[in-house]
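A look at the structure
Residue strings, one per chain:
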Amino acid sequence: MGTMARVPPLPSIDEARQTLLRAVRPLPPVNVSVGDALGLVLAEDVTAAHDVPGFANSAMDGFAVRSGEAGRRLRIAGESRAGTPYTGTVLEGEAVRISTGAALPAGADGVLQVELVDVDGDAVVLHEEVAPGRNVRDAGGDLRAGATVLSAGTRIGPAELGVAIGAGRMALLAAPRPRVAVVTTGDELVEPGTRLRPGQIHDSNGPTLAALAARAGAEVIGRGHAVDDPEATRVVIEQALDEADVLILSGGVSVGPHDHVKPVLLELGVRELLWRVALRPGKPTWLGARDDQLVFGLPGNPVSAYVTFLLFARPALNALQGADATVPRTSAVLAVDVERHPGRDECVRVRRLADGRVEPTGPQGSHVLSSLLGADALAIVPRGEGVLAAGSEVVLEPV
Ligand code: AMP
Ligand code: MG
């Protein structure tokens with residue numbers, strides 16, 4: 001009687017991601033000046049060093065006065081300009097000319113905008129009543145001294161940058177950008193723009209993966225290419241591993257006679273975390289680690305490389321930066337039937353229709369890179385028999 005080898009089931013997307021994220025050690029944070037902080041992930045909470053604004057000031061160009069009724073005629077006693085406050089006190093019967101953002105002078109508790117007054121020599125006539133606080137921005141109206149205004153793990157965008165500076169900061173503790181090397185493999189690859197000879201293709205994965213890495217907050221420190229030869233593959237990978245926190249490889253990871261990536265990585269001391277995922281496209285994905293370095297052996301097919309970057313490399317890059325690695329999943333309803341794969345969960349590139357339902361962008365072959373054009377999300381169509389019917393709800397991963 002013959003025996004059947006028991007092949008363990010391939011890990012799902014979630015299982016693979018968990019295995020990977022368990023191996024991630026966040027990069028030690030560094031102090032960066034606010035001028036260099038855009039796009040980095042904060043490694044500390046930021047509290048306001050003082051009230052923002054630091055002083056009560058005017059929301060309008062006009063006149064600072066004591067609150068009171070309409071029709072008053074007041075002597076213009078001076079001016080409070082942005083950056084140059086009025087040093088006196090506004091007395092009964094007085095007004096002080098004031099600019100937007102200028103400090104509200106002592107004695108005044110309201111501002112009437114210039115459109116609502118008449119100036120007559122050194123006097124001003126108020127056409128409206130001024131209630132206490134009219135057109136006054138209170139001290140601390142934006143940020144209160146001591147309040148936490150940004151939390152560790154936040155990616156610093158333009159607004160975060162402005163708030164941090166307003167809160168008094170000139171430097172921030174943040175994760176450095178992970179240093180990423182991208183290496184493509186394959187005898188058939190030629191540089192963009194090169195006239196193609198029979199059997200050749202342009203290396204689209206190299207620049208595309210580098211762009212994805214940059215968009216995920218990484219610094220791409222180099223790109224390399226290895227022909228399908230074990231020694232050439234070893235030289236290029238060894239050099240990339242010298243410098244990089246993360247090595248992203250495309251192609252050469254399968255089991256063909258010209259696939260040399262896996263044995264070379266093992267030889268260079270990279271430990272296998274995972275080989276193959278119950279996923280389409282992207283089944284032949286190899287994930288590894290060497291100490292704190294991460295290695296992504298992504299399939300060469302362009303859609304597979306792109307999808308597996310999004311599913312695995314992107315959250316890992318987030319985790320390296322101390323950001324939340326949880327993928328923000330949403331859901332939507334399929335507008336059409338979608339064929340299912342019996343054994344693997346499929347990441348279908350979908351566009352969102354005006355009614356919120358989603359439909360595949362077009363043919364979904366792993367070589368059809370144009371299926372990513374106009375894609376709003378990856379719909380995860382669970383493995384199974386037949387079709388997943390129109391009207392079914394699917395989980396969406398961001399692209
Ligand atoms: P491989 O994983 O090396 O077997 O490659 C699978 C498929 O992806 C083959 O059709 C390759 O020609 C293609 N491919 C591999 N690397 C790249 C690349 N850098 N850019 C575009 N296509 C690629
Ligand atoms: Mg190849």
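Our structure is the block above this text.
Residues numbered from 1 in each chain as written. Chains lettered and ligands numbered in written order. Predicted model: local features only at pLDDT ≥ 70, side-chain atom pairs only at ≥ 80, totals over all residues. Heavy atoms only, no water.

1. Side note on the packing of helix α1 (residues 13-22) against helix α6 (residues 302-320)
- Remark: α1 packs on α6, axes separated minimally by 10 Å, with the N-to-C direction vectors making an angle of 35°. In the crossing of α1 with α6, the sense of the turn from one axis to the other is right-handed. Taken together, the residues of α6 that come into contact with α1 (itself represented by I13, A16, R17, L20 and L21) are L311, F312, P315, A316 and A319.
- A breakdown of the residues in the contact of α1 with α6 according to their chemical character gives nine nonpolar, no polar and one charged. (Axes fitted to C-alpha atoms, helices over the stretch in contact; angles between N-to-C directions. Helix = DSSP H or I, 4+ residues; strand = E, 2+ residues; numbered from the N terminus. Left-handed = near helix turned anticlockwise from the far one by under 90°. Contact = heavy atoms within 4.5 Å. Nonpolar A, V, L, I, M, F, W, Y, C, P; charged D, E, K, R; others polar.)

2. Some words on the site of ligand 1
- In the vicinity of ligand 1 lie 15 residues, with E188, D203, G252, G300 and N301 positioned nearest.
- Between a nitrogen atom of ligand 1 and a side-chain N or O atom of D203, the distance comes to 2.8 Å.
- Coverage of ligand 1 by the protein chains reaches 76% of its 490 Å² of free accessible surface.
- Every element with two or more residues in the shell around ligand 1 is listed here: β13 (179-185) and β15 (201-202).
- Classifying every residue of the shell around ligand 1 by side-chain character gives three nonpolar, 10 polar and two charged. (Near = heavy atom within 4 Å. Polar contact = N/O pair within 3.5 Å; in protein donor to acceptor, adjacent residues only side chain to side chain. Areas by Shrake-Rupley, 256 points an atom, 1.4 Å probe, with all protein chains shown as cover.)

3. Some points on the sheet that holds strand β7 (residues 110-113)
- Across the sheet, which stays open at both edges, the six strands sit in the order β7-β4-β6-β5-β9-β8 with mixed pairing between neighbours. Edge positions in the sheet fall to β7 and β8 (117-120), since each of these pairs with one other strand and no more. On average, each strand axis in the sheet is tilted by 40° relative to the strand beside it, whichever way the strands run.
- Note that β8 and strand β9 (residues 123-126) share four bridges and pair antiparallel. Bridge assignment links D118 to a residue of β9, and that residue is V125. (Pairing = 2+ DSSP bridges.)

4. Overview of the pairing of strand β28 (residues 393-398)
- Bridging between strand β22 (residues 330-333) and β28 involves four bridges; their strand directions are antiparallel. Its bridge partner being in β28, S331 is matched across the sheet by V395.
- For strand β26 (residues 377-381) and β28, the ladder comprises four bridges, and the chain directions are antiparallel. Looking across to β28, one finds that L378 is bridged to E397.

5. Describing the sheet that holds strand β20 (residues 286-290)
- Taken in spatial order, the six strands make up an open sheet running β16-β13-β17-β21-β20-β18, and their pairing is mixed. Pairing within the sheet leaves two strands with one partner each, and these edge strands are β16 (219-226) and β18 (271-275). The average angle at which neighbouring strand axes cross in this sheet is 15°, direction not considered.
- Inspection of the sheet shows β18 paired to β20 by four bridges, in the antiparallel sense. Considered in β20, the bridge of R271 is made with A289.
- Contacting β18, β20 and β21 (293-298), α1 runs over the sheet at an angle of about 165° to β18.
- Sheet strands in contact with helix α4 (residues 230-243) are β13, β16, β17 (246-250), β20 and β21, and its direction is about 170° off that of β16.

6. Concerning the environment of V30
- Within the fold, V30 resides in strand β1 (residues 30-33).
- Classification of V30 as partly exposed rests on a relative accessible area of 34%.
- Remark: the alpha-carbon pair of V30 and P263, spanning 233 residues in sequence, is separated by 35 Å.
- In contact with V30, not counting residues within four places along its chain, are L172, L173, A174 and P176. (Buried < 20%, exposed > 50% of the residue type's maximum accessible area, 1.4 Å probe, protein only.)

As far as function goes, none of this settles anything; it's purely spatial.
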